[in-house]
Every structure is written in C-alpha cells, then in structure tokens.
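# Structural overview for review
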Amino acid sequence: MKRLILFTGTLSLLLAACSISTPAPTATPTAVSTVAAPTPAASPTATPLQMSLRVKDGTVNCRFGPGINYVTVNELHQGQSARVTGRNDSSNWLYVRDPGNPGGFCWLSASVIELDGQADLLPVMPPPFVTVTDVSLRADPTRILVNCSQFPQTVFFEAEVTTNGPTLMTWKWEASTGAMSDVGTMVFERAGTQLLNEFYPIGAPNEYWVKLHILTPNILEKQVSFPVSCTQ
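Residues numbered from 1 in each chain as written. Predicted model: local features only at pLDDT ≥ 70, side-chain atom pairs only at ≥ 80, totals over all residues. Heavy atoms only, no water.

## Description of the side chain of Lys211
For Lys211, the location among the structural elements is in strand β14 (residues 206-216). For Lys211, a relative accessible area of 16% gives the class buried. In this structure, Lys211 is in contact with Lys172, Trp173, Glu174, Glu221, Lys222 and Gln223, ignoring residues within four places of it in sequence. (Helix = DSSP H or I, 4+ residues; strand = E, 2+ residues; numbered from the N terminus. Buried < 20%, exposed > 50% of the residue type's maximum accessible area, 1.4 Å probe, protein only. Contact = heavy atoms within 4.5 Å.)

Below, the structure is given as structure tokens:
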C-alpha cells in the first residue's frame, strides 16, 4: 500500500531555505603493489645411477638378456671393466654398457664380476623382447622333372628358425596354389635354432612356391620356389 505524505507550504519553504548543497567527496586513489613474484629456481635433472664393474677372471659372456638361455652378444676378459646401469629383480644379472658395441648394452652374471657399489641400488631393468632373428627355408627336391604319368609327386620342406632367447613362436605355411596350413606353435626354451618340416603333394607341372609365415613373437616371411615339369 502506498503512503501519502503531505507538507504544509511554510514547512516546505523552510526546508528549502535550509538545504545546503554538499559537494561529493573526491576519491583518493589507492596505491597497488607491483612487486614481482620471485622466479622459481630450475630443478636439477637427476643423473641416472651408474656403477663400474671388473671381470674377476677368465672370459665371460655378455648376453642379450639376464640368463644363460639368451644368446651371447659379446665377451669380456679378466680385468676388463664396464659401466653398469641396471639389474634384474634378483640382482644376479647386471645390465651393462657393451664395451665392444658403442651405444649397445648386454647382461653379465653378477657371479663373475666385482662391483664398486651395491647392486640393489641400481634400477631394475625389464628383460628384452625376444625375436626370431633368422629363417632359412629349402625344398627337396629343388626341382622336379618326371614323366607326365608319374603324378602326384611330393616335395618336402625344411625351415631352420633361430631366436635370441626363450619364446613361444607361432607360424603357418602358404602355397602358391592357395593352400594354407593351420597355425602351429613351437616353444624355444633358450636361444638357438629349431627345425620345421612340411611336405606338399604336387599334381601337375607348374612353377610353384611355398612360403613360411612367422606370426609371433615378430613377423617374418621366407619363401622358396621350385619348378615342376614333365615329359610325355
């Protein structure tokens, strides 16, 4: 509800006569601090822990991985030294800079060296990724020449597969006729070479090939060709 306020004329004139205009106060500017924040000091980069070792006696193998089931990549001799940058979980194998391969690394057994520090202080390094490093494939016979009435013929294949450590390998065969084998498996308990054997029946003269596909631990292919012909 609105309220109505009435003033008499005399009171209104009196109030008007007594009213004095008061100027608005001038605002005083406030000083703002402009002190710059200190620049944080750069943190020093941590230097990887390294130690030195010396071969105690004889000739020792420096291997691709931490164990005798890995391939040897170099040899160190009595009194020879190397820089150590890591270890395995149990500290019985040490990860070292390969003296014979600048920029390379290999693994030495802790039992054949003297270390100038505590191995447990070194970082734990994971074992390397094992791969198939080489595949050779041959056919027997390498070519066939028979009377045309002597089909079918049989060709045998042998593959030598080499790894640099323990792994599970999977593979399959493929022929130029479109035939494909099932996927096979082979266990490598240590670095080395194992054989794969297969045979293939030939029903007519042609230029044939057979290919071996390595599927795991890495992908490789090897192919061999063999001509088949006949006479009447």
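Past the structure itself, the notes keep going.
## Notes on the sheet that holds strand β15 (residues 220-231)
With respect to topology, five strands assemble into an open sheet ordered β9-β15-β14-β11-β12, the strand pairing being mixed. Edge positions in the sheet fall to β9 (144-147) and β12 (184-188), since each of these pairs with one other strand and no more. Averaged over all neighbouring strand pairs, the angle between strand axes comes to 25°, with direction disregarded. Where β9 and β15 come together, four bridges link them in parallel fashion. Within β15, the residue paired with Asn147 across the bridge is Thr231. (Pairing = 2+ DSSP bridges. Axes fitted to C-alpha atoms, helices over the stretch in contact; angles between N-to-C directions.)

## Section: the sheet that holds strand β10 (residues 153-163)
On the basis of which strands lie adjacent, the open sheet formed by three strands has the order β8-β10-β13 and antiparallel pairing. Edge positions in the open sheet fall to β8 (132-140) and β13 (192-202), since each of these has one partner strand only. Across the sheet, the mean angle from the axis of one strand to that of its neighbour is 15°, orientation sign disregarded. Where β10 lies against β13, eleven bridges are found, and the strand directions are antiparallel. When the sheet's bridge partners are listed, Phe156 is paired in β13 with Phe199.

## A closer look at the pattern of salt bridges
This structure, assessed with the given rule, holds four salt bridges. Salt-bridge contacts for Glu160 lead to Arg138; the nearest nitrogen and oxygen are separated by 3.8 Å. With Glu160 in strand β10 and Arg138 in strand β8, this residue pair connects regions lying 22 residues apart in the sequence. For the salt bridge of Glu221 with Lys211, the shortest nitrogen-to-oxygen distance reads 4.0 Å. Separated by ten residues along the polypeptide, Glu221 in strand β15 and Lys211 in strand β14 bring together distant segments of the chain. (Salt bridge = Lys/Arg side-chain N within 4 Å of Asp/Glu carboxyl O.)

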